[in-house]
Amino acid sequence: MVEILPSVCPRCGKESVGLCNECRAAETTWFICDPRVESIYCPVCGSQKHGKTWSDTVVDRETLIQQLALSAVHLHADVRGSEIAISSRDPSPNRTVADMTVSGTLYGVPVSGECTTKIVWRKEQCDRCNRISGGYYEGIVQVRATGRRPSVRELEIATHIAEQTENVLQEGGDRLSFVSKIEETKDGLDVVVGSNPMGQVIASDIAGALGGRLTTHPKLVGEKDGKRLFRITFLVRLPRYQKGDVVVQKGRYLEVRQTGHGQLQAFDLQDGTVRFISEEEAERLVGNVGDAESALVAYLYDDIIGILDPKTQGAVECRAVPWLHPEEGGTVLVLRDTEAGQFVLVG
Ligand SMILES: [Zn+2]
Ligand SMILES: [Zn+2]
């Protein structure tokens, strides 16, 4: 004898082999919702803590609320095509309430339900702000120049490189690469860094951009958890002369075009040729073309350019140079060589 199973649902009596889909769906707890989720954030920089790790927030507050609310909802594995609509309100500064309508299908039966979760915002100082406020640092990038103070332009470039490097590393997720201080000192610039790899990058970029030489000087400052702790000074030594400097060599004026390894690539302001000399061969500094004054060309006569002294408006004669073709009534750029009591045409 073959026993014939009743072909009706034991719950509702509808025609079905075993429990029908509707009754099965009705008996299943198809979603649960945590009543409370916590979000830890840094009140100073807005970083978020997930588990034990901090990260910079990349989403706006609305998106964050959505993400947190969704994290409170747990769906049964058999739910298909789920949708969750969220509306939120802030009953107090550190509480947000998210009301959610959850819908989908379970065993082919449309289901929907509602739940509410409370988001608790908790403040905690993050790892980075903690280090910064505690004065933590690993190294110092020092920008100095040989026989002079770095120029305003050089200090600006160095500062810009430090700030850019910090931005790039932090955007790349390297949270603890921070610059804690950029300070002008009487001999140059000090950049205090939170991490030595970053100090290394900043220092070598500054040396590369300004033609300086980089040396590193580690100093043992103590021990922590059995590991020796070093502070590193990254010293960037800029050359004696910089781009645009006009120097005197054997009675000729030379404009420095490039520097590096104690060599100067120089433009001869008399004949317009370019050559290399060593730093030691430059006898004295006249000035920098960046500080040149604009002078009116009053007349041209043979190889003479008559200009008006920009300060006194008195007429001064300069020898014409083959690389510069001024016009009467136009202007030229000049540097004042106070020692020789004359003007140097630089552009
Ligand atoms: Zn049924
Ligand atoms: Zn922070």
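Bear in mind that the values here come from a model prediction, so they are computed numbers and not experimental data.

## Side note on the sheet that holds strand β21 (residues 315–319)
Judged by pairing direction, the sheet is antiparallel, and its five strands sit side by side in the order β21-β20-β19-β22-β23 without closing on themselves. A strand with exactly one partner marks an edge of an open sheet, and here the two such strands are β21 and β23 (342–345). Strand after strand, the sheet turns through a mean of 50° between neighbouring axes, direction not considered. Strand direction decides the pairing type here: strand β20 (residues 304–308) and β21, joined by five bridges, are antiparallel. Paired with Leu308 across the bridge in β21 is Ala315.

## Side note on the coordination of the zinc ion (ligand 2)
Ideal geometry at a metal centre: 109.5 degrees between donors when four sit tetrahedrally, and 90 or 180 degrees when six sit octahedrally. Surrounding the zinc ion (ligand 2) are the protein donor atoms Cys42 (SG), Cys45 (SG), Cys126 (SG) and Cys129 (SG), at 2.3 Å. Coordination at the zinc ion (ligand 2) is tetrahedral: its four donor atoms span angles of 105 to 113° at the metal. Taken in sequence order, the residues that donate to the zinc ion (ligand 2) follow the motif C-x2-C-x80-C-x2-C. Relative accessible area serves as the criterion here: at 1%, Cys42 is assigned to the buried category. Of the residues examined, Cys45 reaches a relative accessible area of 33% and is grouped as partly exposed.

## A word on the coordination of the zinc ion (ligand 1)
Every protein donor of the zinc ion (ligand 1) is accounted for by Cys9 (SG), Cys12 (SG), Cys20 (SG) and Cys23 (SG), and the metal-donor separations fall at 2.2 to 2.4 Å. Taken together, the four donor atoms coordinating the zinc ion (ligand 1) span angles of 104 to 115° at the metal, a pattern that classifies the geometry as tetrahedral. The motif formed by the donor residues of the zinc ion (ligand 1), counted along the single chain, is C-x2-C-x7-C-x2-C. Under the relative-accessibility criterion, Cys12 is labelled partly exposed at 43%. Here Cys20 falls in the buried class, since its relative accessible area comes to 3%.

## Concerning the pairing of strand β22 (residues 331–337)
Examined bridge by bridge, strand β19 (residues 293–301) and β22 share four bridges and lie antiparallel to one another. Within the sheet, the bridge partner assigned to Leu296 lies in β22 and is Thr331. Where β22 and β23 come together, four bridges link them in antiparallel fashion. Of the residues in β23, the one forming a bridge with Val334 is Leu345.

About the criteria used
Sequence order as written defines residue numbering, which begins from 1 separately in each chain. Both sets of labels track the order of writing: A upward for chains, 1 upward for ligands. Only residues with pLDDT of 70 or above have their local features reported here, since the model is predicted, and side-chain atom pairs are shown and tallied only from 80 upward, although totals for entire chains, interfaces and linings are computed over all residues. Here the side-chain values reflect all heavy atoms present in the structure, with hydrogen atoms and water set aside. Paired strands, as defined in this entry, are two strands with at least two bridges between them according to DSSP. Labels follow the DSSP assignment, with helices taken as runs of H or I lasting at least four residues and strands as runs of E lasting at least two, numbered in each case from the N terminus. Comment: axis = line fitted to C-alpha atoms, over the contacting stretch for helices; angle = value between 0 and 180 degrees taken between N-to-C directions. The rule for donors is simple: N, O or S, within 2.8 Å of the metal, or within 3.2 Å if the metal is Na, K or Ca. Water isn't counted, so a site may look like it is missing partners. Geometry is assigned from donor-metal-donor angles: four donors are tetrahedral when every angle falls between 85 and 135 degrees, four are square planar and six octahedral when opposite donors sit over 155 degrees apart with all other angles between 65 and 115, and any other arrangement is irregular. Each residue's exposure class comes from its accessible area (1.4 Å probe, protein chains only) as a fraction of the maximum for that residue type: buried when under 20%, exposed when over 50%, partly exposed otherwise.

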